[in-house]
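# Summary of the model geometry
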Amino acid sequence: MQEITTYLAPRRLDEALQAMADGAATVLCGGTDLAPQTESGARQYTAKLLNIRRIEGLGGIETKGDKVRIGAVTTISEIRCNPMLAEIAPVLVEAAEHFASEQIRNAASVGGNLCNASPAGDMIPPLLILDASVELACWREGAVQTRLIPLEGFFVSPGKTVKRPEELLTAVVFDRPAADFVGKFRKSGPRPALEISTVSVALGACIADGRLSNVRVAMGSVAPTPLRARHVEAALEGKPLDAATWAATIAVAVAATAEDAKPIDDVRASAWYRGHLVRVFVEEVLNEVRGN
Amino acid sequence: MTNLNVVGKSVLRQDAYEKVVGGKGFPVNISLPGMLHGKMLRSPYPHARILSIDTSRAEKLPGVKAVMTPKDVPQIIFNPIFFMPADSMAIHRDMLILSDTVRFAGQPVAAVAATTVAIAEQALSLIDVEYEELPAVFDPEDAMKEGAPEIHAGVKNNIRATPSFGAGDVEQGFKEADYVFEGTYETQRVHTCYMEPRVCVSDTDSSGHVTIYSSIAHLFGLRERLAYALGLPVSKVTAIQAPYTGGSFGSKLDLAYIEALSALLSAKTKKPVRLEHTRYEDFICNARHPMKVYLKTGVKKDGTITARYASTLCDTSAYSAHGPEVIMVHAYFGLMLGYRAPHTKWEGTVVYTNNMPGGAFRGYGAPQAAFAVESQIDEICEKLGFDPIEFRLKNTPRQGDPHPFNPEWKLGGYALDQCLTKGAERMGWSNRAKAGSASGTKKRGIGMAAHPIWVSGCVGFPDIYEHSGAIIRLNVDGTAYLSSATMDIGSGQNTTLCQIAAEELGLKFESVRMAPGNTDNLPFDAPTHASRVTYSSGNAVKVAAADAKKNLLEVAAIVMEANAADLEVRDGMITVKGAPAKAMSVADVVKRAESPFMVVGAQGPTPTTLKEKGTIMGISSVAPPANASPAVAEFVEVEVDTETGQVKVLRAVYAHDLGRVVNPAAAQGQVEGGLQQGIGYALMEQMLFDPETGACLTSDFLDYKMPTAVEMPSKIECIFIESNEPTGPYGAKSLSEACLIVPAPAIANAIYNAIGVRFHSLPITPEKILAALGKL
Ligand SMILES: Cc1cc2nc3c(=O)[nH]c(=O)nc-3n(C[C@H](O)[C@H](O)[C@H](O)COP(=O)(O)OP(=O)(O)OC[C@H]3O[C@@H](n4cnc5c(N)ncnc54)[C@H](O)[C@@H]3O)c2cc1C
C-alpha cells in the first residue's frame, strides 16, 4: 500500500503544473470518484497528492465573444444553478439536475467527471453535443503549455483518456450555441436518482425552416467510452419536422441506434435493455426537440 | 382509555439529538485502551477443503499480534441463532468458528489481530492457504438431485428438513371446490442494509472471562451463543448493552464470526480486539431466504375457500442457521393462518446449497408467503369477478374469534375489517378501473394486499424465548431509571418503553430515562425481533412500573397520612383522590425514602420511621399471556411506463390495527421504512452472484439498488386502528414487520391493474415488465 507522503494545495496554476511535471502526482478535485476508487482498492494513491481546488482561475463559468468556458474545478451544483448556462446551454443544466445527489453535486467537478472517463459520466453526452473541447495544460521548458483537444477524441477506454499524466485539464470550452439550437438529455437507471446511468442520451439540433440541421447525438453507457452517434445523426440531418414524415424520421433514427450503441450485459442491466432504452430515449428527445 | 398522558403522544426521542450530532453511543464508536484490530481472511471458493495454511509470513509482519486458523479454535459445532436455546432440539448445529471445510464463497478461514487495520489487512495477504476445490451447487433444485455435491456429510440430497402440517382432507376440499387456482411464486435474496456495520470489541481477562460490546439485537442471545461456541459457561461472558445500535431489521440476531474470533484473539493477545465488517462483509453475512412457493386454492362459486395446499422450497444456504425455523413461521403465519379453509396442507423442504448464509429479515418468511397468497387472491378475484375486499372479508377471522394458531387465545382486539374498508375508502378503491384498461404509455393502476394474522412476539412458538424483564428505580429528584435488556435498534424502542413506564408511574415522559446495563445486572430479555418490543417488553415494563408505583404509594401513604388506595400520581405529583389540596411531589416522597435514619431539621435530629426507608424500585420478569395478532391492509397506486418498464409508486394508504398507538410519529416511521424496503423488494433489490464462483456481485450500494427518498411516494397515508387489545400494555399490539409484509404483493397487484400482466417472481424489474409486454 502506497502512503501519501506529500500533500499539496497550491494557489497558482504554474505551481501545480510544476508539481505534477514528473507525471507522478495524484490529482484530487472533489474526490467523489477518487475516494471510492482508492477505498475499494480499484486504484492506489501515489506518494504525492495534489489538491487543485484552490488554484486561482481554475473555476468559474464565463463567456468571451462566442466562446463559453467552464473551469475544470467548477462543481456540478454551480452548473446547475448558473443562469447564463440555463439560457444558452440548458442541456448542461438538465444533465446537472439528474446528477447524483445534492451533497455529491456540491463536491463533484466537471473536470473530474471528464478525467474519470466513465462511460456513464453524465456531463459528457451534453458536452459532446455542444461540440466542446478540453484544454490541457502542463509545465514544459520552463513555461505553462496548453493544448486544445476535441472532447470526442479525448476518451480512449473506461478510465483512460489521451491526457498525459503530467497534464491538468484546466477547462472545457465550446462555441456559444446558435439561437435556434435545442438540446435535450435523458438518463436512466433502475432508480431515477442518485444513480450511475444505465444509459444516457443527449440530442441537439438547430431548428430552422421546419427542418433539423447540425444534428448532434451523444450516448453514454452503450460502449467503452461515451460516443457521438454518427449514424443517428446522419439519419436525422436535414429532416423536416412536418407531421407527415415525422414518424418515419423517428423510425429511421431509432433503427440507426443499433449501428452506434453496442452495449454490454452487467449486473445493472442487460445489453438488450440498454439498447431498448436508447431507442426509447432517442424517440422521446426527438419529440421534445420538435415540440420546442 | 381516555386519560392517557404520555402514551399516544409523539414525544421527542431521547437519543435524537445525540444521534444527529454523531451518535457516540453506537457500538461502532467503542474504543478501549490498547485495543487491537482484527481482520478475517475469506475463501475465494464456494466449496473447498483446506489442505494447509501457512501463517509464518503473516506472523513475522511487525504489528501482527496473533493469527488464528481452524486448528486454533474450539471445535464446537453450533447454530448461530440467538433466540432459541443453544442446545435446542428444534435447530440444527452445523457451524464452526473456523472450519477446514469451506461451504460458501467468502467463508472466513483465518483471522489476524494487529495494531492497525492496515497491518491486519496486509497480514491477510501473507497467509498462504492451499485449497482443494470441491464441486459446488447454487440452485436448491439442483442441490436435491442425485449426484449433487454433498455439502454436509451424511445429509442425503442436501435436504436439511421436510416439515409439514395440515388439517382436514385437502383432496376432499379440492373436490368440493367449484374452481381451483394454482401458481408458483418466487422471491429473491435481499439484504437488510442496516446502517451500522456489524462490529464488536471483546476483552478477555486473564481468568478467561469475556466482556463483549457488539452491535446486536439480542444481548442475552449473544451471551448464550458466544459462551456455547467458546465452550464457556454463560456466567463467563458479559455482554454490554449499547444505548442504541444502527439498525438490525433481523440481521443482528445471530452470532457472527467476528464475535467469536474477537473473543479468541483477545484471549490470545491479552488485549481488547475489535472487528468490524466492511459493507461487503455485511452483505455476505446473512440475507432473506429466497423461496419458491407453490400455492393451490379451492374456491366455491360464492367465494368461500374450501381447501388450501402449499409447498415451499427454501434455500437455507451453506449452513442451516435460521432456515428450518424461518420456514415454519413462513408456513404458519405467512401462508396458512390468515385465510380460513376447512381443509389445508403444507409441505416444506429446506435445502443446503453453497450460497451465502440465510438470516432473519423483518417479516421472517412472511413477505415470501404474502407475495404468493395475496397475488393469488387477486388472480382469483379477477377471474371470478369478486371484489378483493369482499373476498377477504368473507374468508378472514373477526374480533372475538379463536386465534387460528392457538384456539385458547381469542382475537381480543382485532379489526381487519376496518383496515380493509377504511383503507379502501381512503384510496378511492371503488373508482378502480378494469385491469389493463389504462391508455397511453404511462399507465396507472391501484392494488392492495392484506395480512390477516401476524405475531406480537413469539409466545406459543416451540423453543423460542419470549420473556422480558425490567427494573425501575426512582431517584430523589423525582425521575426514574428504566433498565431493560431490550435493544433499541433504531426504531425508538427505548422511547416507547419510557413512555409506558412514565404513563404507569404517573411521571412526565422527560422524567424517565433508559439506563443501559449488561448481562451481569439486567434480567433476561428476548431479542428485538418478531414485532415484539411494544407488546412484550412493554408489558414487562408496565408490570415493573406498577410494582414501583405500588411501593411509592405505600411510602407516600405513610408520609401523607393517607390510605395508599386513595392516592394517585400524575405529572410527578401525588394527590389524595377527591382532596387535590393534599399533594406531595414524587421527588419529596423518594427523598424521604432515601433519607438517613436521623434527619437533622430546624428542631435538631429527628428519627424517621423504619418502614419508609429504602430505594423505591419495581422489578419484573414476565411473558405476555398470549400472542396478539395485528391486522393490516395496504393500498398502493403505481404508474408503469410501458416504454422504459419503470414503475413509480405514486401513493400508499396503509391501514393497520395495532391495538393502541403508543407513539404516532414512531409508528408512522415504521410504515414509511417498511414501504421503502417493500418497494425495494418488489421492484429493484436483489443480490446477484457469479454463477461460477458464487462470489457476490452486488456487495455495495452502487450495484445493490435500494430505494432512496426520491423513489418514495410523496403521499404515504397511515390509518391506525386502535382495537385496544386486552392482553397488551394500554391495549397495544404489534406494528413493525407487517409494514414490510404487504407492500410487494400490493405493488404487484397494482401493476396488474395498470397493465393487465401478472408477475410470479420478484423483483419486478423494468426488463421483466418489457418482456411481459412483448417488447423483448
Ligand atoms: C454517490 C455518488 C453518486 C454519483 N453519481 C454520479 C452521477 O449521477 N453522474 C455522474 O456522472 N457521476 C456520478 N458520480 C461520480 C462522480 O461524482 C463524478 O464523476 C464527478 O464529476 C467527479 O468529480 P470530482 O471532482 O469529484 O473528481 P475526483 O474524484 O477528484 O477526480 C476524478 C478523477 O479525475 C482526476 N482529475 C480530477 N480533476 C482533474 C483535472 N482537472 N485534471 C486532471 N485530472 C483530474 C483525478 O485524479 C481522478 O482520477 C457519483 C459519485 C458518487 C460517489
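Provided above is the structure to which this section pertains.
Notes on the structure in this doc start here. (Residues numbered from 1 in each chain as written. Chains lettered and ligands numbered in written order. Predicted model: local features only at pLDDT ≥ 70, side-chain atom pairs only at ≥ 80, totals over all residues.)

## Points about the interface of chain B and chain A
Let me state the cut-off plainly: Each residue gets a C-beta atom placed from its backbone, and two residues are in contact if those atoms lie within 7 Å. We count a stretch as a helix when DSSP gives it H or I for four or more residues in a row; a strand needs E for two or more, and each element gets its number in order from the N terminus.
Contact with chain B, which involves 21 residues of that partner, is made by 16 residues of chain A. Within the residue set of the side of chain B that touches chain A, elements represented by two or more residues are helix H3 (117-124) and helix H19 (766-772) of chain B. Per-element tally for the side of chain B that touches chain A: the top contributor is H19 of chain B, with three residues.

## Digging into the sheet that holds strand E18 (residues 468-474) of chain B
The strands making up a sheet associate through backbone hydrogen bonding, with each pair oriented either parallel or antiparallel. All names here are of chain B. The line we're drawing: Being paired, for any two strands, means DSSP has found at least two bridges between them. An axis is simply a line fitted to the C-alpha atoms; with a helix, the fit covers only the stretch in contact. Between two such axes, the angle follows the N-to-C directions and lies from 0 to 180 degrees.
Spatially, the four strands line up as an open sheet ordered E20-E19-E18-E26, and their pairing is mixed. The open sheet has two free edges, formed respectively by strand E20 (512-514) and strand E26 (617-622), since each of these has just one partner strand. Taking each pair of neighbouring strands and ignoring which way they run, the sheet shows an average axis angle of 20°. Where E18 lies against strand E19 (residues 480-483), four bridges are found, and the strand directions are antiparallel. In the sheet register, Ile-472 faces E19, and the bridge partner there is Leu-482. Its contacts with the sheet put helix H14 (residues 533-559) on E18, E19 and E26, and the angle it makes with E26 is roughly 150°.

## What to know about the sheet that holds strand E11 (residues 181-188) of chain A
All names here are of chain A. Strand order in this open sheet of four strands is E11-E12-E13-E14, and the pairing throughout is antiparallel. Unpaired on one side and paired on the other, E11 and strand E14 (227-228) mark the two borders of the sheet. Direction of pairing for E11 relative to strand E12 (residues 199-208): antiparallel, over a ladder of eight bridges. By the bridge assignment for E12, Ser-188 is matched with Val-199. Packed onto the sheet, helix H5 (residues 90-97) meets E11 and E12 and runs at close to 15° relative to E11. Contacting E11, E12 and strand E13 (211-220), helix H11 (residues 271-291) crosses the sheet at an angle of about 25° to E12.

## Considering the pairing of E12 of chain A
All names here are of chain A. What counts here: Our exposure labels follow a C-beta count within 10 Å of each residue's own C-beta, placed from the backbone: buried means 20 or more other C-beta atoms, exposed means 12 or fewer, and partly exposed covers the counts in between.
Of all ten residues in E12, seven are buried, a share of seventy percent or more. Sheet topology places E12 next to E13; eight bridges connect them, and they run antiparallel. Across the sheet, Ala-208 pairs through a bridge with Arg-211, a residue of E13. Linking two consecutive strands that pair antiparallel, namely E12 and E13, is a turn of two residues; a positive phi of about 50° is found at Asp-209 within it.

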